[in-house]
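This is what each chain is made of:
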Amino acid sequence: MSVADVKKSAQERMVKSLETLRGDLAKVRTGRAHAGILDSVMVDYYGNPTPINQVANLTLVDARTIGVQPFEKKMAAAIEKAIRDSDLGLNPSAQGDMIRVPTPVLTEERRKEMVKLVKSEGEDAKVAVRNIRRDANEGLKKLVKDKAISEDDERRGTDDIQKLTDKAIADIDKMLAEKEKEVLTV
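Calculation rules
- Residues numbered from 1 in each chain as written.
- Predicted model: local features only at pLDDT ≥ 70, side-chain atom pairs only at ≥ 80, totals over all residues.
- Heavy atoms only, no water.
- Helix = DSSP H or I, 4+ residues; strand = E, 2+ residues; numbered from the N terminus.
- Rg over C-alpha atoms; globule rule 2.2 N^0.38 Å.
- Buried < 20%, exposed > 50% of the residue type's maximum accessible area, 1.4 Å probe, protein only.
- Contact = heavy atoms within 4.5 Å.
- Axes fitted to C-alpha atoms, helices over the stretch in contact; angles between N-to-C directions.
- Parallel < 35°, antiparallel > 145°, perpendicular 65-115°, else oblique.
- Nonpolar A, V, L, I, M, F, W, Y, C, P; charged D, E, K, R; others polar.
- Polar contact = N/O pair within 3.5 Å; in protein donor to acceptor, adjacent residues only side chain to side chain.
- Pairing = 2+ DSSP bridges.
- Core = buried A, V, L, I, M, F, W, Y, C linked by side-chain atoms within 4.5 Å.
- Phe/Tyr/Trp six-rings, centres within 6.5 Å; stacked < 30°, edge-to-face > 60°.

Colleague: Please clarify how the overall build of the protein chain should be interpreted in this entry.
Modeller: Looking only at helices and strands, one finds 4 helices and 6 strands in the protein chain. The secondary structure elements of the protein chain, listed N-terminal to C-terminal, are α-β-β-β-β-α-β-β-α-α. The C-alpha radius of gyration computed for the protein chain amounts to 22 Å, which surpasses the reference 16 Å derived for 186 residues by more than 25%, pointing to a less compact arrangement than a globule. Reported as C-alpha extents along the three principal axes, the dimensions of the protein chain are approximately 70 × 40 × 20 Å. Within the span of the protein chain, comprising 186 residues, buried residues form 37% of the whole. For the protein chain, contacts bridging at least 24 residues in sequence account for 66% of all contacts bridging at least 6.

Colleague: I keep staring at the packing of helix α3 (residues 108-145) against helix α4 (residues 151-184) and nothing clicks. Help me out?
Modeller: Between two packed helices, the angle of one axis relative to the other and the distance separating the axes together describe the packing. At a closest axis distance of 10 Å, the pairing of α3 and α4 adopts a crossing angle of 170 degrees. The angle between α3 and α4 falls in the class roughly antiparallel. Class assignment of the residues belonging to the contact of α3 with α4 gives a composition of 15 nonpolar, 6 polar and 11 charged.

Colleague: I'm lost on the side chain of serine 86 in this one. Help?
Modeller: By the secondary structure assignment, serine 86 is in the loop between α2 (76-85) and β5 (93-95). Of note is the side chain of serine 86, whose polar atom sits 2.7 Å from the backbone oxygen of isoleucine 83.

Colleague: Help me understand the sheet that holds strand β4 (residues 65-70) in this model?
Modeller: Note: strands within a sheet are paired through backbone hydrogen bonds, in either parallel or antiparallel orientation. Across the sheet, which stays open at both edges, the 4 strands sit in the order β3-β4-β6-β5 with antiparallel pairing between neighbours. The open sheet has two edge strands, β3 (56-62) and β5, and neither has a second partner. Neighbour-to-neighbour, the strand axes of this sheet turn through a mean angle of 30 degrees, independent of strand direction. For β5 and strand β6 (residues 98-102), the ladder comprises 3 bridges, and the chain directions are antiparallel. Directly across from serine 93, in β6, lies its bridge partner arginine 100.

Colleague: It is not clear to me how the nonpolar core should be interpreted in this structure. Could you clarify?
Modeller: Generally speaking, soluble globular proteins have nonpolar side chains that are buried together. Ranked by internal contacts, the top residues of the largest apolar core, which has 27 residues, are Leu140 and Ile172. Mapped by element, the contributors of at least two residues to this core are α1 (3-27), α3 and α4. Counting residues per element, this core draws most heavily on α3, at 10 residues. What leucine 140 contacts, discounting residues up to four positions off in sequence, is Val3, Val6, Ile149, Glu154, Gly157, Thr158 and Ile161. Core analysis: the next-biggest nonpolar cluster, separate from the first, contains 20 residues, Leu38, Val43, Ile52 and Met75 among them.

Colleague: Looking at this structure, I do not really get the packing of aromatic side chains. What am I missing?
Modeller: A ring pair, where both rings are aromatic, is described by two values, the distance of the centres and the angle of the planes. Applying the stated criterion across every chain, the model contains 1 aromatic pair. Seen from their ring centres, tyrosine 45 and tyrosine 46 are 4.7 Å apart, and the 70 degrees between their planes marks the pair as edge-to-face.

In structure tokens form, the structure reads like this:
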């Protein structure tokens, strides 16, 4: 293990944290409909909880409506129930073999709740990045203790890891600002 290995590992883990945050933010509802809203919905498929996108085709009917087309017609009732029971505040309605899921207009109060949720997700991502920094710095200290690297190499490595951390946190702040603006836009 070398300084470069520790830095590369830290950088890869930080990138994964950013991707996780990006995915989490995509699930936060804005005023517009998008199929990602339903990603967390699990449908009871013959006794097994299954993601909705594995039992139905999700499409956008219009700017405020998601269309859910079950692969098997008899799954329509289970899918409709799963969407209704999810805590997303959506009320699906079956029309033939298609389920329409209108996304209600967000109230000002609900928008503020969404912003709080976005900030919470961002804070979790920042904590994850800081934990990665801590782990990397401990790895460098261990290398010094094992006499695999010098203290100067450790100091340079720590500085590089801090730069990676600062960049990751700046990226998180940028993503949060964009999502906050998107949520608050009427």
